[in-house]
Amino acid sequence: MTEMASTASRPAIGLVGLGHMGSAMATRFLDAGYQVYGTSRTRRRAEPLIAKGLRWRDDPRAVTKEAEVVLTSIPDDAALAIVADGIISELDDRKVWTDLSTVSPRASRELAARVADTGARLLDAPVSGSVPQASAGTLTIMVGGDETAYARVEPVLSVLGHPTYVGSNGQGLALKLGINISLAVQVLAVAEGLLLAERSGVDRAVALRVMTASPIGSPMLRAREQLLLDLPDEAWFDIGLMQKDLVLALEAGRALTVPLPTATVADEMLTVARALGYERRDIAAVFEVLNRLLVR
């Protein structure tokens, strides 16, 4: 027997992956009154959540056994493959697995086929936004997979932000990769323009204030204004993960014969950033990277 206890409005939640984003999501569910089971690579990171009421389990299989809705927040394809077997072993037709990670559409579709054999359904539901949006419950969530399964988990996802059903398995991820191309390119373009203004003698803070108030002032740019002025040690979304997403987008583009020229340039710049030691710094660090380069 499991401890599973839920109501129609609040199914038991299982969360695999309690990093920065996963922890913010777990907090949202706990604050909303959900029963949350969770696991991560190390229990130490989860101690504040356990103090708030999260029920720790030692592995993904144990989490899935307790939950009706399983959520995963995993960094990449390889990490997702590691947790998949344990989750699948406890799935049945009463459960829905919703993967919030940004992984390759191909890998997600292959995993969805395995999950379907258990009677359960896998939804790909990557999110757009960083820790502040996860904490505020304002993430943009793109969902691909079975529409009936989506209807079951839509109220759960609405705790985290604004979910939209976009189509079949893998299509949520395809849309997310498209968004992240623009994210990387916007940050790079703004950093270029900001550096040009600063090298021309314009105060950086003044330049950035005008840029964010101008037609190019997207929500992403406004949110990162302070980071571009004073790069923090702790990243909202680091360069390593940003490049991982660009590589996935470029792979998808090649498979679909879609030209992605700006994504290619942004990928090259992030390679330079990583070579200079910025892999774990926020993507706003591209301004510092450009500032260190010499134009010959």
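Given the structure is predicted, the values throughout are model-derived calculations rather than measurements. (Residues numbered from 1 in each chain as written. Predicted model: local features only at pLDDT ≥ 70, side-chain atom pairs only at ≥ 80, totals over all residues. Heavy atoms only, no water.)

(A) View of the overall build of the chain. If you tally the helices and strands in the chain, you get 14 helices and 9 strands. At 20 Å, the chain has a C-alpha radius of gyration in line with the 19 Å of a compact globule built from 296 residues. Seen along its three principal axes, the alpha-carbon backbone of the chain occupies a region of about 70 × 45 × 35 Å. Counting all 296 residues of the chain, 50% fall into the buried class. Across the chain, every contact between residues at least 6 apart in sequence was considered, and the portion connecting residues at least 24 apart equals 64%. (Helix = DSSP H or I, 4+ residues; strand = E, 2+ residues; numbered from the N terminus. Rg over C-alpha atoms; globule rule 2.2 N^0.38 Å. Buried < 20%, exposed > 50% of the residue type's maximum accessible area, 1.4 Å probe, protein only. Contact = heavy atoms within 4.5 Å.)

(B) Representation of the pattern of salt bridges. The tally for this structure, following the rule as stated, stands at 14 salt bridges. Notably, a salt bridge pairs Arg280 with Asp238, separated by 3.5 Å at the nearest N-O pair. Placement of the pair is Arg280 in the loop between helix 13 (261-275) and helix 14 (286-292) and Asp238 in the loop between helix 11 (225-229) and helix 12 (239-256), with a sequence separation of 42 residues. One continuous salt-bridge network, built from bridges that share partners, spans Asp238, Arg274, Glu279 and Arg280. (Salt bridge = Lys/Arg side-chain N within 4 Å of Asp/Glu carboxyl O.)

(C) Spatial organisation of the pairing of strand 1 (residues 13-16). Judged by which residues are buried, strand 1 turns out to be covered on both faces: Ile13 and Leu15 on one side and Gly14 and Val16 on the other are all buried. Tracing the backbone out of strand 1, into helix 1 (residues 20-31) and back to the parallel element strand 2 (residues 36-39) gives a crossover that is right-handed. Relative to strand 4 (residues 69-72), strand 1 runs parallel, the two sharing 4 bridges. Of the residues in strand 4, the one forming a bridge with Gly14 is Val70. (Right-handed = clockwise from strand over helix to strand, strands pointing away. Pairing = 2+ DSSP bridges.)

(D) Spotlight on empty space enclosed by the protein. Following the criterion strictly, the structure yields 2 cavities of 30 Å³ or more and no others. Around the largest cavity sit Ala184, Val187, Leu188, Met242, Ala266, Met269, Leu270, Ile283 and Val286, which together line it. Contributing elements (two or more residues each) for the lining of the largest cavity: helix 8 (171-199) and helix 13. Grouping the constituent residues of the lining of the largest cavity by class yields 9 nonpolar, no polar and no charged. Of the pockets and cavities examined, the second largest cavity occupies roughly 40 Å³. Val187, Val190, Met220, Leu221, Arg224 and Leu228 together form the lining of the second largest cavity. Secondary structure elements with two or more residues in the lining of the second largest cavity: helix 8 and helix 10 (219-223). Tallied by class, residues from the lining of the second largest cavity come to 5 nonpolar, no polar and 1 charged. (1 Å grid on protein atoms, 1.4 Å probe; cavity = no way out; pocket = protein on both sides within 12 Å on 5 of 7 lines; lining within 4 Å. Points joined across faces, edges and corners; volume = space filled by probe spheres on them. Nonpolar A, V, L, I, M, F, W, Y, C, P; charged D, E, K, R; others polar.)

(E) Here's a closer look at the environment of Leu30. Within the secondary structure, Leu30 sits in helix 1. Overall, the relative accessible area of 15% leaves Leu30 in the buried class. C-alpha of Leu30 to C-alpha of Leu54: the two residues are 24 residues apart in sequence and 7.2 Å apart in space.

(F) The layout of surface pockets, seen in detail. In this model, the second largest pocket occupies a volume close to 340 Å³. As for the second largest pocket, its lining consists of 17 residues, and the residues nearest its centre are Pro105, Glu251, Ala252, Gly253 and Leu256. Looking at the lining of the second largest pocket, the elements that each hand over two or more residues are helix 5 (105-116), helix 8 and helix 12.

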